[in-house]
Amino acid sequence: MAKETNGFGTRKIDDLGRIILPKEIREALGLSEDSNMKVTLEGEVIILEKADPPCEKCGR
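Residues numbered from 1 in each chain as written. Predicted model: local features only at pLDDT ≥ 70, side-chain atom pairs only at ≥ 80, totals over all residues. Heavy atoms only, no water.

Draft legend 1. Seen up close, the environment of L31. Structurally, L31 can be placed in the loop between α1 (23-29) and β1 (36-42). Between the C-alpha atoms of L31 and K50, which are 19 residues apart in sequence, the distance is 7.8 Å. Excluding anything up to four places from it in sequence, L31 contacts L21, R26, M37 and K50. (Helix = DSSP H or I, 4+ residues; strand = E, 2+ residues; numbered from the N terminus. Contact = heavy atoms within 4.5 Å.)

Structure representation (structure tokens):
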């Protein structure tokens, strides 16, 4: 599990609903522009998790 880190401040959502993940977070998780993320919602909390690449046969 990744080390819990605080202190990255507030991020704005752009007109397409995107936010920028801080470089330090992307580097710590080994994320690149083609990385897959799992997005879930628990109450009012959005959870982003690094996801495995999709299966080349079935796309899941």
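Draft legend 2. Layout of a nonpolar patch on the surface. Nonpolar side chains collect at one region of the surface, where I13, I19, M37, V39, L41, I46 and L48 lie side by side and expose about 700 Å² of accessible area between them. When contributions to the nonpolar patch are tallied by element, the ones reaching two or more residues are β1 and β2 (45-51). The greatest single-element share of the nonpolar patch, amounting to three residues, is contributed by β1. As for its placement among the helices and strands, L48 is situated in strand β2. (Patch = residues over 30% accessible without salt bridge, like charges linked within 9 Å, V, L, I, M, F, W, Y side chains within 5 Å. Areas by Shrake-Rupley, 256 points an atom, 1.4 Å probe, with all protein chains shown as cover. Salt bridge = Lys/Arg side-chain N within 4 Å of Asp/Glu carboxyl O.)

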